[in-house]
Amino acid sequence: MAKVSVSIGSNIERERHITACLEALAATFDNLAVSRVFESVPVGFIDGRNFYNLVAVFDSDWSVGELQAWCKRIESEHGRRPGTPKFSPRTLDIDLLTVGDLCGEHDGVTLPRDEILHHAFVLLPLAELLPDTLHPEVGRTYAELWTEFEAGDQRLWPVEFVWRS
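Residues numbered from 1 in each chain as written. Predicted model: local features only at pLDDT ≥ 70, side-chain atom pairs only at ≥ 80, totals over all residues. Heavy atoms only, no water.

So, on to the overall build of the protein chain. Counting its regular elements, the protein chain contains four helices and eight strands. Counted from the first residue to the last, the protein chain has its helices and strands arranged as β-α-β-β-β-α-β-β-β-α-α-β. Projected onto its principal axes, the C-alpha coordinates of the protein chain cover approximately 35 × 35 × 30 Å. Put simply, the protein chain has 165 residues, and 45% of those count as buried. In the protein chain, 67% of the contacts between residues at least 6 apart in sequence involve partners at least 24 apart. Surface exposure of the protein chain reaches about 8300 Å², of which carbon and sulfur atoms provide 50%. Measuring between centres, the 15 positive side-chain charges of the protein chain sit 7 Å from its 26 negative side-chain charges. (Helix = DSSP H or I, 4+ residues; strand = E, 2+ residues; numbered from the N terminus. Buried < 20%, exposed > 50% of the residue type's maximum accessible area, 1.4 Å probe, protein only. Contact = heavy atoms within 4.5 Å. Areas by Shrake-Rupley, 256 points an atom, 1.4 Å probe, with all protein chains shown as cover. Lys, Arg positive; Asp, Glu negative; His and termini not counted. Charge placed at Lys NZ, Arg CZ, Asp CG, Glu CD.)

Scanning all chains against the criterion turns up five aromatic pairs. Centroid distance F29 to F58: 4.2 Å. Interplanar angle 25°. Geometry classified as stacked. Residue F29 is found in the loop between helix 1 (14-28) and strand 2 (30-34), and its partner F58 is found in strand 4 (residues 51-60); the two are separated by 29 residues along the sequence. F58 shares its class with F29; the two are buried. Ring geometry for F29 against W62: centres 4.8 Å apart, planes inclined by 65°, an arrangement best described as edge-to-face. (Phe/Tyr/Trp six-rings, centres within 6.5 Å; stacked < 30°, edge-to-face > 60°.)

Spelled out as structure tokens, the structure:
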């Protein structure tokens, strides 16, 4: 059984899609824990609608490929279509961040996800949820990485978001 972390984001009907994603995670995986939800200003997007972002952690014995397929299926069920431009609005974005301590490419997915070290909307919720957990490649805790992170123009703030499974 591995501890899996995923980032979840939406900037179209944010509350509805994030709630549905959390319900799907809770119905499928054990020991689900979620960070606070943060609103963030999109960087590089044509449509400037703000995102809601959070991180979820759960236990799973699925392969990386099975986890990735599940994430893409849930995205698709919420209107996300493959091939849409990279910086376009999205109903739901679910990205595998870590699967246990796996490093490198597994089933076509590179782990840990590079965005952990580069995006405040990923690192801050991860640091709050798993402050003492070591990043599998750099060997530093997520809390340490957040303390040293240079956010620059990556603005985000916590929002009221109530979800109960």
